[in-house]
Amino acid sequence: MNNRGVVTNTAVQLDVDRLKKYTGGKNALVAQGGGQRGIFTSGVLDAFLLSNFDPFHTFYGTSAGAMNLCAFLCRQNGIGRSFILDLTTDPEFFNLFRYIRRKQYLGLDWALDKICDFPYRLDIDMGRRVLADRNAYAAVTDTNRLFDHYLPMLQDDWRKVLLATCAIPRLYHQPVSFPHGEYVDGGVSASIPVQEAWRKEARCIVVIRTEGEDLVTETQQSAQEPSVEWFRDSMNVIQGHWQDKLEQWKQDWGSFFNDQVQKSRTEKLDQSHLELLNGGRWLFGADDIYRLSHLIGDKFDSGLADMLMVHYQTYSLTQDFLQSPPDDCFVIQIKPQEPLKASSLMSEREDLLHDYQVGLDAGFRFVEAFSPCLYKPMPVMK
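Reading the values: the criteria
- Residues numbered from 1 in each chain as written.
- Predicted model: local features only at pLDDT ≥ 70, side-chain atom pairs only at ≥ 80, totals over all residues.
- Heavy atoms only, no water.
- Helix = DSSP H or I, 4+ residues; strand = E, 2+ residues; numbered from the N terminus.
- Buried < 20%, exposed > 50% of the residue type's maximum accessible area, 1.4 Å probe, protein only.
- Core = buried A, V, L, I, M, F, W, Y, C linked by side-chain atoms within 4.5 Å.
- Contact = heavy atoms within 4.5 Å.
- UniProt positions renumbered as here; feature names shortened; annotations may be inferred.
- Salt bridge = Lys/Arg side-chain N within 4 Å of Asp/Glu carboxyl O.
- Arc of directions from axis to C-beta.

**Observations regarding unusual backbone geometry**
That bond from F118 to P119 is cis: its omega, 10°, falls within 30 degrees of zero. Turning to its location among the elements, P119 is positioned in the loop between α6 (108-115) and α7 (124-131). In this structure, L154 takes a positive phi of about 70° despite not being glycine. Looking at where L154 falls in the secondary structure, it is placed in the loop between β6 (148-152) and α8 (158-166). Residue L154 is classed as buried on the basis of its relative accessible area, which comes to 4%. One non-glycine residue, M346, lies in the positive phi region at around 60°. One can find M346 in the loop between β10 (330-334) and α16 (349-374). Owing to a relative accessible area of 45%, M346 belongs among the partly exposed residues under this scheme.

**A few points about the environment of W158**
Along the chain, the position of W158 falls in helix α8. Looking at W158, the relative accessible area reads 13%, which means it is buried. Remark: the alpha-carbon pair of W158 and I124, spanning 34 residues in sequence, is separated by 8.6 Å.

**Examining the nonpolar core**
Judged by nonpolar contacts, the single largest core of 79 residues is most densely connected at F48 and M153. The leading source of residues in this core is α16, at nine residues. For M153, the residues in contact, after removing those within four places along its chain, are A66, L69, C70, L131, A136, Y137, A138, V161 and L162. Core analysis: the next-biggest nonpolar cluster, separate from the first, contains 19 residues, Y150, W198, V207 and Y315 among them.

**Quick word on the UniProt feature "short sequence motif: GXGXXG" (unreviewed entry) in the protein chain**
UniProt annotation of "short sequence motif: GXGXXG" (unreviewed entry) refers to residues 33-38 when read in the numbering used here. As a span, residues 33-38 carries 0% helix and 0% strand, and end to end its C-alpha atoms are 6 Å apart.

**Side note on the pattern of salt bridges**
As enumerated under the stated definition, the model contains eleven salt bridges in all. Across the pair D113 and R159 runs a salt bridge whose closest N-O atoms are separated by 2.7 Å. Residue D113 is found in helix α6, and its partner R159 is found in helix α8; the two are separated by 46 residues along the sequence. The class of R159 is partly exposed, set by a relative accessible area of 26%.

**So, α6**
Burial in α6 covers these residues: L108, A111, L112 and I115. The arc that holds the buried residues of α6, viewed along the axis, is 95°, so those residues lie on one side. Of the surrounding secondary structure, the elements contacted by the buried residues of α6 are α3 (64-73), α4 (79-87) and α8.

Put into structure tokens, the structure is as follows:
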């Protein structure tokens, strides 16, 4: 069944007539993370704002994707772009040499303080009015069991929620604590929270990606394994299965990680057009995380290895979901035609501006193609 489509900045691929059959129920918007590559998402969402386009009932974002969704719901055109272009490029946010020499961590608190102040002034009150009786969630990772968890956005603890979904292990100084647990970056366990949208009964799911080409997963390479059967069972059952294997993974994490590092390095040399193991989804490639840990004198322990393995496994399953969605939903991906020029961190300003324009083009192309299927005007604020 052809129940998926792709929209890029240059092309549209999907069956519009089939899509119309899925738009009568709950529509969800999902935004991937990717650090500074999230400026592509900023462009897509600004195109939605400029087109008065918001047919969604629920929103799910991870890391930079959650921040962009917050800006979209606050109806502030350009503020997501400014957060990445102005604030994440400032040395106060991240400076590699300060990080290495003095362990000066990622300045998330500083950046959120700045975005709430002049000249940006993120309007959370407006966001709450726009959201009204709809729901928006930020993906985070439970540090105890490494499960994905979804925290409501734009509530009284909105700042803390954004900190948690962006709290990249080793780059942010500590997990973010709530009464119900401690959490780190949602990209560890749910870099693209599309399955959660489906589990919560969304049947038309629009996914904004910050990647062009995908890696081929082991599941896709295996002819013996069914391509779609895994999501028939509850994701909790699958995660429970991983939890049972955690001790076994810990015993063999060195071998696993070394294999992935070598794979990452090989792809850098031989297939530079492909995304690395974690590049664009978490922060750096696996080998970069390894080098950073040694640069600052940290031991690369089994805790970080567990996170890398959970990320790798969950992302593989997510790819399978995107390639073969369940029969009862339609998934549309909005993503760049070619790999973005920006990196997850320490990008050049020109590259960020280029990727923002790519996002704008993709967003306008999406609105033009699908307004007849999905269009509902934004509510008028009194």
